[in-house]
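Now for the letters of each chain:
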Amino acid sequence: MSSGQDFYIDGAWQAFQGSERLTAINPATEAPVAEVASGRAEDVDAAVAAARRAFPEFSRTPVEERIALIERIAGLIEERMDQFVDAIIAEMGAARPFAEASQGPNGLAHVKVQAEVLKSYEFLKMQGTTAIARQAIGVCALITPWNWPLYQITAKVAPALAAGCTMVLKPSELSPLSAALFAQVVHDAGVPEGVFNMVTGRGEVVGAALSEHPEVDMVSITGSTRAGVLVAQAAAPTVKRVVQELGGKSPNILLDDADFETAVSKGVVTGYRNCGQSCSAPTRMIVPRARLGEVEEIAKRTATGLKVGDPTASDTDLGPIANKAQYGKVLDLIQAGIDEGAKLVCGGTERPEGLNNGYFVAPTVFSNVDMSMRIAREEIFGPVLSILAYDSEEEAIAIANDTRYGLGAHVQSGDQERARRVAAQIRAGQVHLNYPAWDGHAPFGGYKQSGNGREYGVFGLEEYLEVKSIVGY
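This text gives an overview of the structure that appears in the document. (Residues numbered from 1 in each chain as written. Predicted model: local features only at pLDDT ≥ 70, side-chain atom pairs only at ≥ 80, totals over all residues. Heavy atoms only, no water.)

### Some points on the overall build of the protein chain
Check the secondary structure of the protein chain and you find 15 helices and 20 strands. In summary, the protein chain has a C-alpha radius of gyration of 22 Å against a globular reference of 23 Å for 473 residues, a match within 12%. C-alpha extents for the protein chain along the principal axes are approximately 65 × 60 × 40 Å. With 473 residues in all, the protein chain has 59% of them scored as buried. In the protein chain, the share of contacts with a sequence separation of at least 24, taken over all contacts with a separation of at least 6, comes to 73%. (Helix = DSSP H or I, 4+ residues; strand = E, 2+ residues; numbered from the N terminus. Rg over C-alpha atoms; globule rule 2.2 N^0.38 Å. Buried < 20%, exposed > 50% of the residue type's maximum accessible area, 1.4 Å probe, protein only. Contact = heavy atoms within 4.5 Å.)

### Thoughts on the sheet that holds strand β20 (residues 465–470)
Pairing in this open sheet of three strands is antiparallel, and the strands run β5-β6-β20 from one edge to the other. Looking along the sheet, the strands with just one partner apiece sit at the ends: β5 (124–127) and β20. Direction aside, neighbouring strands of the sheet carry axes that sit 25° apart on average. Bridging between strand β6 (residues 130–136) and β20 involves six bridges; their strand directions are antiparallel. Counted as the bridge partner of Q135 is E466 from β20. (Pairing = 2+ DSSP bridges. Axes fitted to C-alpha atoms, helices over the stretch in contact; angles between N-to-C directions.)

### Some remarks on the pattern of salt bridges
Using the criterion set out here, one finds 31 salt bridges in the structure. R374 serves as the salt-bridge partner of E378, at 2.8 Å between the closest nitrogen and oxygen. Residue classification places E378 among the partly exposed residues on the basis of a relative accessible area of 29%. Residue R374 is classed as partly exposed on the basis of its relative accessible area of 30%. Ionic contacts of the salt-bridge type, sharing partners, join the residues D256, D257, E393, R418 and R421 into one network. (Salt bridge = Lys/Arg side-chain N within 4 Å of Asp/Glu carboxyl O.)

### Focus: the pairing of strand β18 (residues 430–433)
Sheet topology note: the strand β17 (residues 408–412)/β18 ladder contains four bridges and is parallel. Following the sheet pairing, A409 is matched in β18 by V431. Following the backbone out of β17, through helix α14 (residues 416–423) and into the adjacent parallel β18, one traces a crossover that is right-handed. (Right-handed = clockwise from strand over helix to strand, strands pointing away.)

### Some details on unusual backbone geometry
With phi around 55°, N434 is a residue other than glycine that occupies positive phi space. Inspection of the secondary structure assignment puts N434 in the loop between β18 and β19 (451–452). By relative accessible area, N434 is classed as partly exposed at 29%. The phi dihedral of K448 falls on the positive side, at around 50°, and the residue is not glycine. Position of K448 relative to the elements: it lies in the loop between β18 and β19. For K448, a relative accessible area of 38% gives the class partly exposed.

### Section: the side chain of T130
As for its position among the elements, T130 is in strand β6. Here T130 is in contact with K125, S469, I470, V471, G472 and Y473, once residues within four sequence places are set aside.

### Considering the packing of helix α2 (residues 63–79) against helix α5 (residues 149–163)
At a minimum axis separation of 9 Å, α2 and α5 run at an interaxial angle of 160°. Between α2 and α5, the angle falls in the class roughly antiparallel. Relative to α5, α2 is oriented so that their crossing is right-handed. Residue-level contacts link R66, L69, I70, I73 and I77 of α2 to L150, T154, A158, L161, A162 and A163 of α5. Along the lines of polarity and charge, the residues of the contact of α2 with α5 split into nine nonpolar, one polar and one charged. (Parallel < 35°, antiparallel > 145°, perpendicular 65-115°, else oblique. Left-handed = near helix turned anticlockwise from the far one by under 90°. Nonpolar A, V, L, I, M, F, W, Y, C, P; charged D, E, K, R; others polar.)

### Comments concerning the sheet that holds β18
Spatially, the seven strands line up as an open sheet ordered β14-β15-β16-β13-β12-β17-β18, and their pairing is mixed. Only two strands of the sheet have a single partner each, and these edge strands are β14 (343–346) and β18. Ignoring strand direction, the axes of neighbouring strands in this sheet form an average angle of 25°. Both strand β15 (residues 364–367) and strand β16 (residues 384–390) contribute to a ladder of three bridges, which runs parallel.

### Remarks on helix α10 (residues 292–304)
Because each turn of an α-helix spans 3.6 residues, side chains separated by three or four positions end up pointing in the same direction. Helix length check: α10 (13 residues) gives 18 Å between terminal C-alpha atoms against 18 Å at 1.5 Å per residue, within 8%. By the burial criterion, the buried members of α10 are L292, V295, E296, I298, A299, T302 and A303. Next to the buried residues of α10 lie α9 (260–271), β13 (284–288), β14, β15 and β16. (Expected span 1.5 Å × (residues − 1).)

### As for the packing of helix α4 (residues 96–120) against α5
It is the contact of α4 with α5, at a shortest axis distance of 8 Å, that shows an interaxial angle of 10°. With respect to α5, the axis of α4 lies roughly parallel. Contacts between α4 and α5 involve Q103, G104, N106, G107, H110, V111, Q114 and L118 from the first element and P149, L150, Y151, T154, A155, A158, P159 and A162 from the second. In the contact of α4 with α5, the residues fall into nine nonpolar, seven polar and no charged.

### Section: the layout of surface pockets
The volume enclosed by the largest pocket comes to roughly 1100 Å³. Taken together, 39 residues line the largest pocket, and the ones lying closest to its centre are W146, G223, S224, R226 and A227. For the lining of the largest pocket, the secondary structure elements donating two or more residues are α7 (203–212), β10 (218–222), α8 (225–235) and α11 (324–339). The residue makeup of the lining of the largest pocket, split by class, is 16 nonpolar, 13 polar and ten charged. Of the volumes computed, that of the second largest pocket is approximately 870 Å³. Together, 43 residues line the second largest pocket, and F98, S102, W148, T270 and R273 are the ones closest to its centre. Elements with a contribution of two residues or more to the lining of the second largest pocket: α4, α5, α9, β17 and β18. By residue class, the composition of the lining of the second largest pocket is 24 nonpolar, 15 polar and four charged. (1 Å grid on protein atoms, 1.4 Å probe; cavity = no way out; pocket = protein on both sides within 12 Å on 5 of 7 lines; lining within 4 Å. Points joined across faces, edges and corners; volume = space filled by probe spheres on them.)

Listed below in structure tokens is the structure:
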């Protein structure tokens, strides 16, 4: 990131006045790709003050103006998609085919979806003689992770703009390139001064300052459960709204009437999507005990058939783990699976053949896993699949729900009504039946320690709105 373009505050790029800068690393090469300003509390104060000044006017803008702004942002992202794809590949190692098919387009989709929602949303409804009004909540702090850099930014910024809120974005310091590109898009789209602001830096400094700031009305965070707890604790004294999309350990139940060749192979690929670095990745495959050998064979064939390597290549399936700390965690948990007696079907802690540097992990499958093992309970965030066996449908559901998380889940069955019945019993915020297409309007969020609140579509918009009843309207 070039000098003088460190923070975006009050409608302009600002040069960082402090001394500490952080280095972002390309995980495929282990070489630096950017230096990032390590923001301080005073930088947060300046950004929040700009957002507070801008809020009264922006919150009253006609809906048509906000739709036009969001559509201009969508158009510019689309025009610059190649830049975003290249940035995401460099900063977090997404394989080019995946960055081109999902990381970029799905980020764009969140913007387009909010324009669609806004065109039909009723901010005022009558209930008898009472009017129910929904109004922008105020200044929002948006804290986003490194694993889906553009996607998570747009999932927060687009509905905040649609609602009429002003905001301060704190992107991950590990994936700063796409965040800088996005800030420039918002600027070029003509966002009013102070409506959108961005401060980079460490979570324990910038994120903490935003969470506890008395002039921030809401915090939306996507991150680990630990980070979400810290944000909620910091936000509690000012009684601000906190929306959290946190960790997951999503189950994938294969009922005995599923097409196992399809269900297992798609399950492996879906679990490894984004190199397994998705909070809703279905990394616990729950299968009939009588079919365990068959499942292992299909899973091994699928996993070993994936090409791991240079993320810039057009034929790569999986790039590296996104950063060194996460790479170490993934290897530690693979070793824990081995040490605790799970059956290693393929993969392991050794680097994939021919890859001598970079944070690459071989696609790994464990079988004979039980819920006492760390690999069954902890979020690994890498290309690691655990296969668990069940003897009855009731046991499969019990295994699926035996987790402190509840973000996503999958059910595979040849009988759609049976799949629906099982889905109704799973304690998770989003359940996928038979690998459906992605739906940008479907609400996304968690039960239990996967967080609270929802993102995407109309539910995402309403998180940024207060409800007011005007009695005797």
